[in-house]
Amino acid sequence: EPEVTQTPSHQVTQMGQEVILRCVPISNHLYFYWYRQILGQKVEFLVSFYNNEISEKSEIFDDQFSVERPDGSNFTLKIRSTKLEDSAMYFCASSEPQNYGYTFGSGTRLTVV
Amino acid sequence: LAKTTQPISMDSYEGQEVNITCSHNNIATNDYITWYQQFPSQGPRFIIQGYKTKVTNEVASLFIPADRKSSTLSLPRVSLSDTAVYYCLVGARSGAGSYQLTFGKGTKLSVIP
């Protein structure tokens, strides 16, 4: 079964540092997403990406966040200057155009210290 | 986005059928109903999706009455490995084509030996 792959699985970073979370979506999927889940809380939408541009973004996705598809396979989330409250599990997902079902990756646990 | 209400938690013995009901009174005409499963420290996993009547796959069944104001996820003969949080989501594609998922707190299913 095709998978969405995320790296690294764990990332510890100091407050104020930049982090890049990486994702390889399923190859024939065209929509890409980032979600996050703070420990014990709901899964929250961050951003959707299609045709090399952002389709939608939430209020969480402020100027500190950016996404990029640098090549034909990777999809990245960059946090420019991390804050303690950015500590969370970050999930990448992808979907086909005509399919409402997402495939999520296993996540990157980001810890900001 | 339509708001959903589902039980916070449920317990079941192994081998029993489990039915989790979700209410979505303000579902819109274009909305689909989708259920996801999430294990601790993992990304949500798509289970099943439907628009009306009944949908069945190898994992579960989804029952949707004619008024579509509720839906029931049915898991046949649960095992310990079905212990997870189950989310009911309702929504449709945006004008931009993406499908933003809004997760609630879900139903924590505990399967007891």
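Here the structure is a predicted model, which is why all the values come from computation and not from measurement.

Caption draft 1: View of the overall build of chain A. On a plain count of helices and strands, chain A comes out with zero helices and eleven strands. Starting at the N terminus, the α and β elements of chain A follow one another as β-β-β-β-β-β-β-β-β-β-β. The C-alpha radius of gyration of chain A comes to 13 Å, within 12% of the 13 Å expected for a compact globule of 113 residues. Projected onto the principal axes, the alpha-carbon positions of chain A cover approximately 40 × 25 × 25 Å. By the burial criterion, 43% of the 113 residues in chain A qualify as buried. Partitioning the contacts of chain A with sequence separation of at least 6, the portion at a separation of at least 24 is 54%. Carbon and sulfur atoms make up 43% of the accessible area of chain A, which totals about 5,800 Å².

Caption draft 2: Inspection of the sheet that holds strand S6 (residues 61-64) of chain B at higher detail. Residue and element names in this part refer to chain B. The strand order across the open sheet built from four strands is S2-S7-S6-S5, with neighbouring strands paired in antiparallel fashion. With one partner strand each, in any of the chains shown, strand S2 (18-23) and strand S5 (53-56) form the two edges of the open sheet. Strand after strand, the sheet turns through a mean of 15 degrees between neighbouring axes, direction not considered.

Caption draft 3: Region of the structure containing the interface of chain B and chain A. Each partner contributes to the interface: chain B provides 23 residues, whereas chain A provides 24 residues. Here chain B meets chain A over a buried area of about 1,900 Å², counting both sides, of which 54% is carbon and sulfur. Taken together, chain B and chain A are joined by zero salt bridges. With three residues, the single largest contributor to the side of chain B that touches chain A is strand S3 (residues 32-38) of chain B. Tallied by class, residues from the side of chain B that touches chain A come to ten nonpolar, eleven polar and two charged.

Caption draft 4: Quick peek at the state of the cysteines. Residues and elements named next belong to chain A. For the coordinates displayed, the defined rule picks out two disulfides over all chains. Put simply, cysteine 23 and cysteine 92 are joined by a disulfide, and their sulfur atoms are 1.9 Å apart. Between cysteine 23 and cysteine 92, the disulfide has an S-S torsion of -65 degrees and is therefore left-handed. Taken together, the residues cysteine 23 in strand S3 (residues 19-24) and cysteine 92 in strand S9 (residues 88-95) connect sequence positions 69 residues apart.

Caption draft 5: Looking closely at the packing of aromatic side chains. With the rule as written, the count across this model stands at 18 aromatic pairs over all chains. When the ring of A:Phe104 is compared with that of B:Tyr36, the centres are 5.9 Å apart and the planes differ by 85 degrees; the resulting orientation is edge-to-face. Residue A:Phe104 is found in strand S10 (residues 103-104), and its partner B:Tyr36 is found in strand S3; the two belong to separate chains. On the basis of relative accessible area, B:Tyr36 is assigned to the buried category, the value being 0%.

Caption draft 6: Region of the structure containing the pattern of salt bridges. Residues and elements named next belong to chain A. All chains considered together, the criterion is met by one salt bridge over all chains. For the salt bridge of arginine 36 with glutamate 44, the shortest nitrogen-to-oxygen distance reads 3.2 Å. Relative accessible area serves as the criterion here: at 25%, glutamate 44 is assigned to the partly exposed category.

Caption draft 7: Region of the structure containing the sheet that holds strand S8 (residues 75-79) of chain A. Residues and elements named next belong to chain A. The strand order across the open sheet built from four strands is S1-S3-S8-S7, with neighbouring strands paired in antiparallel fashion. The strands lining the two open edges of the sheet, one partner per strand, are strand S1 (5-7) and strand S7 (65-68). The sheet shows a mean angle of 20 degrees between the axes of neighbouring strands, taken without regard to direction. Inspection of the sheet shows S1 paired to S3 by three bridges, in the antiparallel sense. Each bridged residue has a counterpart across the sheet, and for threonine 5 the counterpart in S3 is valine 24.

Rules behind the numbers
- Residues numbered from 1 in each chain as written.
- Chains lettered and ligands numbered in written order.
- Predicted model: local features only at pLDDT ≥ 70, side-chain atom pairs only at ≥ 80, totals over all residues.
- Heavy atoms only, no water.
- Helix = DSSP H or I, 4+ residues; strand = E, 2+ residues; numbered from the N terminus.
- Rg over C-alpha atoms; globule rule 2.2 N^0.38 Å.
- Buried < 20%, exposed > 50% of the residue type's maximum accessible area, 1.4 Å probe, protein only.
- Contact = heavy atoms within 4.5 Å.
- Areas by Shrake-Rupley, 256 points an atom, 1.4 Å probe, with all protein chains shown as cover.
- Pairing = 2+ DSSP bridges.
- Axes fitted to C-alpha atoms, helices over the stretch in contact; angles between N-to-C directions.
- Buried area = accessible area lost by both parts, 1.4 Å probe.
- Salt bridge = Lys/Arg side-chain N within 4 Å of Asp/Glu carboxyl O.
- Nonpolar A, V, L, I, M, F, W, Y, C, P; charged D, E, K, R; others polar.
- Disulfide = S-S within 2.5 Å.
- Phe/Tyr/Trp six-rings, centres within 6.5 Å; stacked < 30°, edge-to-face > 60°.

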